[in-house]
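One letter stands for each residue in the lines below.
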Amino acid sequence: VLIGKDGSEHQIADSGAPIRDQSGRIVGVVLVFRDITESYAQAKQVKDSEQRYRELFDKAPVMYIITENREGEPYIIDVNDMFTEELGYSRQEVINTSLRRYYSESSAESLDKGGYQRALDGKFVPEERIFVARDGHLIHTLLHAEPH
C-alpha cells in the first residue's frame, strides 16, 4: 500500500530490476509501481460475493448436490449442510463419491434408466428419489436437476 499526499491509500503492484554498469556492478535500481486500487476493490467485491453465495448455498433449507459427469455417472463435487445433516456424512466423506452410493436401490435404478442423462440434456422433470442415510433410514425427496 502506498499513501498519497492527501492520505489516500493505493493498492500497488511493484517490480524492480538492478541497473548495472559495464563491469556488472549494481549502480542503481529501476522500480515500477502500478496503481491497482480499482482492480483490488473489484477482486474484493468478487470475493465478498462468492462468500455470500457460499453461505446461501451452505445454509439453504433444501439439499443441494453438485455433480460432475464421470463416464455417465454423477460424482459429487459439492453438497450443502442440509445434505450432510440429513444423511449423516461429512462433506469430506461425500466429495468425489458417486451419488448412486446414497440412493436407495430403486433410485439407483433410475440412473440406469437414463435419469442422469436426461438431467445432463436439460430434459429432466422432477421425480422422487430416495436417499439412504448413514444410519439406514430412508429420506424421500423430490429431485429437481439442472445442467450447468
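Everything numeric in this text was worked out from a predicted model, so none of it was measured. (Residues numbered from 1 in each chain as written. Predicted model: local features only at pLDDT ≥ 70, side-chain atom pairs only at ≥ 80, totals over all residues. Heavy atoms only, no water.)

Enquirer: Which residues make up the side chain of Ser107, and what are the values?
Expert: Within the secondary structure layout, Ser107 lies in helix 4 (residues 105–112). At 2.7 Å, the side chain of Ser107 and the backbone nitrogen of Ile130 are in polar contact. Not counting chain neighbours up to four residues away, the residues in contact with Ser107 comprise Arg129 and Ile130. (Helix = DSSP H or I, 4+ residues; strand = E, 2+ residues; numbered from the N terminus. Polar contact = N/O pair within 3.5 Å; in protein donor to acceptor, adjacent residues only side chain to side chain. Contact = heavy atoms within 4.5 Å.)

Enquirer: Could you give an account of helix 4, with specific residues and numbers?
Expert: Among the residues of helix 4, Ser107, Ala108, Ser110 and Leu111 are the ones counted as buried. Relative to the axis of helix 4, the buried residues are bounded by an arc of 145° and lie together on one face. The exposed residues of helix 4 that point more than 90 degrees off its buried face are Glu105 and Asp112. The elements touched by buried residues of helix 4 are strand 6 (73–79), helix 5 (115–120) and strand 7 (127–132). (Buried < 20%, exposed > 50% of the residue type's maximum accessible area, 1.4 Å probe, protein only. Arc of directions from axis to C-beta.)

Enquirer: Please provide a residue-by-residue account of the environment of Asp135, values included.
Expert: The residue Asp135 is located in the loop between strand 7 and strand 8 (138–143) in this model. Each C-alpha atom, one on Asp135 and one on Arg118, is 30 Å from the other, the two residues being 17 residues apart in sequence.

Enquirer: Got a sec to walk through the layout of surface pockets? Specific residues and values, please.
Expert: Of the pockets and cavities examined, the largest pocket occupies roughly 900 Å³. Taken together, 31 residues form the lining of the largest pocket, with Ile65, Ile66, His144, Ala145 and Glu146 sitting closest to its centre. Considering every element that reaches the lining of the largest pocket, the biggest residue donor is strand 5 (residues 65–70), with five residues. Of the residues assigned to the lining of the largest pocket, the class counts are 22 nonpolar, six polar and three charged. (1 Å grid on protein atoms, 1.4 Å probe; cavity = no way out; pocket = protein on both sides within 12 Å on 5 of 7 lines; lining within 4 Å. Points joined across faces, edges and corners; volume = space filled by probe spheres on them. Nonpolar A, V, L, I, M, F, W, Y, C, P; charged D, E, K, R; others polar.)

Enquirer: Lay out the pattern of salt bridges in plain terms, naming residues and giving numbers.
Expert: In the structure shown here, the tally under the stated rule is 14 salt bridges. Notably, a salt bridge pairs Arg91 with Asp58, separated by 2.9 Å at the nearest N-O pair. Of this pair, Arg91 sits in helix 3 (residues 91–94) while Asp58 sits in helix 1 (residues 37–59), and the two are 33 residues apart along the sequence. For Arg134, the salt bridge is made with Glu93, and the minimal N-O distance between the two is 2.4 Å. One end of the pair, Arg134, is in the loop between strand 7 and strand 8; the other, Glu93, is in helix 3, with 41 residues separating them in the sequence. Residue class for Glu93 comes out partly exposed when judged on its relative accessible area of 35%. (Salt bridge = Lys/Arg side-chain N within 4 Å of Asp/Glu carboxyl O.)

Enquirer: Requested: an account of the packing of aromatic side chains, with residues and values cited.
Expert: On inspection of all chains with the given rule, the structure shows six aromatic pairs. Consider the rings of Tyr53 and Phe57, whose centres lie 6.2 Å apart with planes at 25°: the pair is stacked. Here Tyr53 pairs with Phe57, and both are found in helix 1, just four residues apart, close to one helical turn. A relative accessible area of 6% places Phe57 in the buried class. Feature note: the residues Phe83, Tyr89, Tyr102, Tyr103 and Phe131 constitute an aromatic cluster, connected by ring pairs. (Phe/Tyr/Trp six-rings, centres within 6.5 Å; stacked < 30°, edge-to-face > 60°.)

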